[in-house]
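# Commentary on secondary and tertiary structure
Residue-level listing of the chains:
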Amino acid sequence: MAAFTERMVPVLVLWLAVCLSGSWAVDRGNFKTCDQSAFCKRQRALKPGQSPYRALLETMELTNTRLTLQLINDNNKVRLLLELYRLQGNMTRVKINELKPLKPRYEVPDVLIQEPPTEPLSLLSQDENGVVLSLGAESQRVIVSARPFRLDIMEGREVLMSLNSRGLLAFEHLRTRKDTQADPETEKKEEADPANQAEEAVKEEEDKVEDGMWEETFKSHTDSKPNGPSSISLDFSLPGVEHVYGIPEHADALKLKTTDGGDPYRLYNLDVFQYELHNPMALYGAVPVMLAHNAQRTTGIFWLNAAETWVDISSNTAGKTVFGKMLDYVQGSSETPQTDVRWVSESGIIDVFIMLGPTPQDVFSQYASLTGTQAFPPLAALAYHQCRWNYNDQEDVQTVDAGFDQHDIPYDFIWLDIEHTDGKRYFTWDPHKFATPKDMLQGIMDKRRKMVAIVDPHIKVDSNYKIHNEIRSRSFYIKNKDGGDYEGWCWPGNAGYPDFTSPEMRTWWASMFAYDQYEGSMENLYTWNDMNEPSVFNGPEVTMHKDAVHGAWEHRDVHNLYGFYVQMATAEGLVQRSGGVERPFVLTRAFFAGSQRYGAVWTGDNAAEWEHLKISIPMCLSLSLVGISLCGADVGGFFKTPSSELLVRWYQTGAYQPFFRAHAHLDTPRREPWLFGPENTALIREAVRQRYALLPYWYQLFYHAYRTGHPVMRPLWVEYPQDLATFAMDDQFLLGRDLLVHPVTEEGARGITAYLPGKGEVWFDVHTFQKHNGAQNLYVPVTMSSIPVFQRGGSIIPRKVRVRRSSTCMEHDPYTLYVALSPQRAAEGELYIDDGHTFNFDKKREFLHRRLSFTNNILSSSNLAPGSQFSSQSWIERILILGASKPSKVTLKTADGQESQLEFEFDASMSVLTLRKPGMNVGADWTVVLQ
């Protein structure tokens, strides 16, 4: 061990030197291309064409809940088992596994919130070529073709999606290595096969040993591959589709590109130092969900597999110019646009959910029914977060906290990175710099603010460290291939990695957040899980060896789940410490499908560059489309130093993205908001205040995300699904349905062009109240103070405009309602209020949910949740009606029948009617009549 440690010190020093030096590009040599990943190279060598797989229709069994059918590979006679389910809510599930694997193959647990409920399948017809099954709704059916095997999902005469239509289904069956003892089970299986040539075929296939099947080396690391080749692949064809989205995380445009001639998109959670933009390299998280959209329909594919995965996308219209497409049209070319997608994973089984929409909202609901919805965050988590690596000590924290008050900038959370610990031992505090953490936390709490401290999943190997000793004594560490505790290098030096796939380990980890276990912690301390890909500085691709062992499984099977489990266990710990009362807040860097249930995600170690500011929009939109709504990017950029212009523009953009946190690298100059001169301080203050004023709207959007699975931050096509102009747009976005944001992301910009969607709709500039027609490109001149934001005519948005030091201080503040009238002079919106931090809204139905409606010159508030109860001290202090005409009088009628006249002002130049101090409680029924 000592020799290993001595050998490793220079490596760590070198790694840190690289980290802290001025080289600002990713070292691509650290990360594999498809060609360097043996299974990806093997699978990609398969060319589309005749599939060797045939459906054995005589083996078909149809029960009330599922169809099963054997497939045979005619080249090697290995049989697979196909299971087909029709799921509630217009979804189809397809599972393919080996009929008789040598040993079980990994199936992902814990990601689905339940076993998805099924609906009956019925047989419509059958002959020797295949079977046709009804999917119930709207003449939908599945056609299973026998030779070669192929699956088509149809509605009427239209093919919605085809599986294995290009013949790229490939399933590497588990086998025994030929230079080891042959397995008697396999021999028995081969003898039992009626056709005698089967034995020869299998033997021939298994004797074929390609590079990387039984061992693979990358740089200095060898992967022992004890189970041999086990990869799987399946292709999907999407007729009529030119736009596909999702499969985060990649630093790329919202619309996914075709991968012909380059690498596929890679899903493999990695700590990528200084990532590059606009390429398909893997990043910190992986959600294997793709959405496909055209003007008629939205569909989704959820590939439930946690191993390293590559996704190839090709399209018959890619690369065609607009002129080329027009030429096709003129010449009557009948080629329908089509996108083909191929998924390849290193191990596990094929388990795929086909979400058939037909609307974008339907797909969001379908996916949420499988993996759950976004956790409803505490209200304060939607406010502003101040972070850096690192605030030096308690005095530094106090000074920064006071700086916000001095400069009149609100904030809710201050963050501590790894230097706050005692020698990178998590759950501890540096005894000199953070000697009295409770005093510090109390000081922050007195101002109604909170703190987040980092807790990473690599544990310093040190026999004087309680956490390490407990994990080792309980045998909770991941093991190496030889059965010892797996150790690697990370921030503390030599570290062990707890096995978060184990429920016992997760239960123990959660118990460590109890106030009597996590010394110095209090109820206003929350948690940040970083480095949970997991990051292993001296591991292959800066992560864990794939032949490391989690109980019965290899790390290769579970890799993309590790971060998901870390955040799950941490969130559970924060819930438990409060006796199940308080909502947790946990930020994670690594994630998987279902991570939305446990908290927030950020886009990792970005850089202070304009291109990184721009890419934050499509990166968060891609996450939003696959269920993860609480997303943000480090404001200002983590690496490098932003110009004051870039910093201001980043604050203005971040103020309108869901998770709003400034963060910076250890080696960058300090950049608290007041360090760039009074003019820039004022611009940043204004951006942050805009965020705080809109917190009621943000909060109700997250309530809806929790209830329905619909995203908070949306690409325009989600609300305007037939507007082709919106399909590839990713420099502007919607918040809910009603706010359109086009941040300024160009250096030196004098103006932006915003696309306002919706023929026959109107949009109001939220700053000037100027009205603009929909379905147009609008040029908006900008200055340094401009944040182009528009409210949709037909909507009502609540705001709280009084300035406080934190969101908690705003609790009882009054509301201002912004009523933006449609061309039909109508509008509607809502107001959601609860205590902002507990589960009482769910467990005890303690909340207010009001419907606000304007029609026929009457504005009213009515109860949307009659069974709920909650009282608020807040009242309505002002109502602005945009696009109004001047009334002769305004009357307020309250629920007890009382009537009173309201004061009003009318600005004829902007058609804005302002009602001052109407004074009704937010929880009351009332109507305001304009005469």
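In the block above lies the structure referred to throughout.
Residues numbered from 1 in each chain as written. Predicted model: local features only at pLDDT ≥ 70, side-chain atom pairs only at ≥ 80, totals over all residues. Heavy atoms only, no water.

## With respect to the pattern of salt bridges
Definition in use: Every case where a carboxyl oxygen of Asp or Glu lies within 4 Å of a side-chain nitrogen of Lys or Arg is listed as a salt bridge. Segments assigned H or I by DSSP are reported as helices when at least four residues long, segments assigned E as strands when at least two residues long, and all are numbered from the N terminus. Between buried and exposed lies partly exposed: a residue is buried under 20% and exposed over 50% of the maximum accessible area for its type, with that area taken using a 1.4 Å probe on protein chains only.
This model, assessed by the stated rule, comprises 61 salt bridges. Across the salt bridge formed by Asp 351 and Arg 93, the nearest N and O atoms sit 2.8 Å from each other. Here Asp 351, found in strand β21 (residues 350-355), pairs with Arg 93, found in strand β4 (residues 91-98); they are 258 residues apart in sequence, far enough to count as distant. Among the residues examined, Asp 351 registers a relative accessible area of 5% and is labelled buried. When the shortest N-O distance is used, the salt bridge between Arg 425 and Asp 462 registers 2.9 Å. Of the two residues, Arg 425 sits in the loop between β23 (413-416) and α8 (437-446) while Asp 462 sits in the loop between β25 (459-460) and α9 (466-473), which places them 37 residues apart along the sequence. Taking the relative accessible area as the measure of exposure, Arg 425 reaches 18% and is therefore buried. Of the residues examined, Asp 462 reaches a relative accessible area of 13% and is grouped as buried. Beyond isolated ion pairs, a larger network of salt bridges with shared partners links Asp 223, Arg 266, Glu 308, Glu 346, Glu 541, Lys 546, Glu 554 and Arg 556.

## Digging into helix α16 (residues 695-708)
The test is simple: Here, expected helix span is obtained from the residue count minus one, scaled by 1.5 Å.
With 14 residues, α16 extends 20 Å from end C-alpha to end C-alpha; this agrees with the ideal 20 Å at 1.5 Å per step. Burial of α16 is extensive: 10 of the 14 residues sit out of reach of the surface. Among the residues of α16, Leu 695, Pro 696, Tyr 697, Trp 698, Tyr 699, Gln 700, Leu 701, Phe 702, Tyr 703 and Ala 705 are the ones counted as buried. Once α16 ends, the next one or two residues include Gly 709, with phi positive near 85°.

## A short note on the nonpolar core
Applicable threshold: Working definition of a nonpolar core: buried Ala, Val, Leu, Ile, Met, Phe, Trp, Tyr and Cys residues. They are joined through side-chain atoms within 4.5 Å. In this analysis, two residues are considered to be in contact whenever any of their non-hydrogen atoms come within 4.5 Å of each other.
Ranked by size, the top nonpolar core spans 177 residues in total, and within it Phe 302, Trp 509, Tyr 651 and Leu 735 carry the most contacts. Per element, the largest residue contribution to this core is nine residues, and it comes from helix α13 (residues 610-625). Contact partners of Tyr 651, with chain neighbours within four places excluded, come to Tyr 384, Gln 386, Val 635, Phe 660, Ala 662, Pro 673, Ile 684, Ala 687 and Val 688. Counting residues in each nonpolar core, the second largest holds 50 residues, with Phe 236, Tyr 265, Ala 292 and Ile 354 among its members.

## Section: the packing of aromatic side chains
Defined as follows: Stacked, tilted and edge-to-face are the three classes assigned to paired rings of Phe, Tyr and Trp, where Trp is represented by its six-membered ring and a pair needs centres within 6.5 Å; plane angles under 30 degrees give stacked, over 60 edge-to-face, the rest tilted. Sitting over a ring, as applied to charges here, requires NZ of Lys or CZ of Arg to be within 6 Å of the ring centre and within 35 degrees of the ring normal.
Within this structure, the stated rule accounts for 50 aromatic pairs. Between Tyr 275 and Tyr 284 the ring centres are 6.1 Å apart and the planes differ by 75°, which places this aromatic pair in the edge-to-face class. Of the two residues, Tyr 275 and Tyr 284, both sit in the buried class. Three or more aromatic residues link up through ring pairs in this structure, and these residues are Phe 427, Trp 429, Phe 434, Phe 500, Trp 509, Phe 513, Tyr 518 and Tyr 562. The side chain of Arg 661 reaches across the aromatic face of Trp 415, ending 4.7 Å from its centre. In this structure, Arg 691 packs its charged tip against the face of Trp 698, placed 4.2 Å from the ring centre.

## Here's the deal with the packing of helix α15 (residues 678-693) against α16
For any two helices packed against each other, one specifies the crossing angle of their axes together with the interaxial distance. To keep it simple, the criterion reads: Think of each axis as a best-fit line through the C-alpha atoms, taken over the contacting stretch in the case of a helix, with angles from 0 to 180 degrees between the N-to-C directions. Oblique is the label for every angle not falling under 35 degrees (roughly parallel), over 145 degrees (roughly antiparallel), or within 65 to 115 degrees (roughly perpendicular). Side-chain classes follow a simple rule in which Ala, Val, Leu, Ile, Met, Phe, Trp, Tyr, Cys and Pro form the nonpolar group, Asp, Glu, Lys and Arg form the charged group, and the remainder, Gly included, forms the polar group.
Interhelical geometry of α15 versus α16 gives an angle of 55° and a closest axis separation of 5 Å. With respect to their mutual orientation, α15 and α16 come out oblique. Seen from α15, the contacting residues are Arg 691, Tyr 692 and Ala 693; seen from α16, they are Leu 695, Pro 696 and Trp 698. Classifying every residue of the contact of α15 with α16 by side-chain character gives five nonpolar, no polar and one charged.

## Digging into the side chain of Ser 861
Going by this rule: Throughout this description, a polar contact denotes any pair of N or O atoms lying within 3.5 Å of each other; where both atoms belong to protein, one of them has to be capable of donating a hydrogen while the other can accept it, and for residues adjacent in sequence the pair is counted only when both atoms sit in side chains.
With respect to the element layout, Ser 861 can be found in strand β47 (residues 858-863). One polar contact links Ser 861 to Arg 850, side chain to side chain, over a distance of 3.1 Å. For Ser 861, the residues in contact, after removing those within four places along its chain, are Arg 850, Arg 851, Leu 852, Ala 924, Asp 925 and Trp 926.

## A look at the sheet that holds strand β22 (residues 384-386)
The condition is simple: Strands are treated as partners if at least two bridges between them are detected by DSSP.
Strand order in this open sheet of eight strands is β33-β32-β31-β28-β24-β23-β22-β34, and the pairing throughout is parallel. Looking at strand neighbours, the two that pair on one side only are β33 (631-632) and β34 (660-662), the edges of this open sheet. Pairing geometry for strand β28 (residues 525-529) and strand β31 (residues 586-588), over three bridges, is parallel. From the neighbouring strand, Asn 529 faces β31, where its bridge partner is Thr 588. Against the sheet, α8 engages β23, β24 (450-454) and β28, with an angle of about 140° to β24.

## Re α8
In plain terms, the rule: Starting at the helix axis, one direction is taken to each C-beta atom, and the arc is that of these directions.
Pro 437, Met 440, Leu 441 and Ile 444 are the residues of α8 that are buried. Take α8 and look down its axis: the buried residues cluster within an arc of 95°, on one side only. Along α8, exposed side chains directed more than 90 degrees from the buried face belong to Asp 439 and Asp 446. Considering only its buried residues, α8 is in contact with α7 (394-406), β23, β24 and β28. Within two residues after α8, Arg 448 carries a phi angle of roughly 60°, on the positive side.

## Examining the sheet that holds strand β39 (residues 762-765)
What the six strands build is an open sheet, ordered β35-β36-β37-β42-β39-β40; its pairing is antiparallel. A single partner strand is all that each edge strand has here, and the edge strands are β35 (713-714) and β40 (771-773). Two elements, strand β37 (residues 739-741) and strand β42 (residues 789-792), share three bridges in a ladder whose sense is antiparallel. Considered in β42, the bridge of Leu 740 is made with Phe 790.

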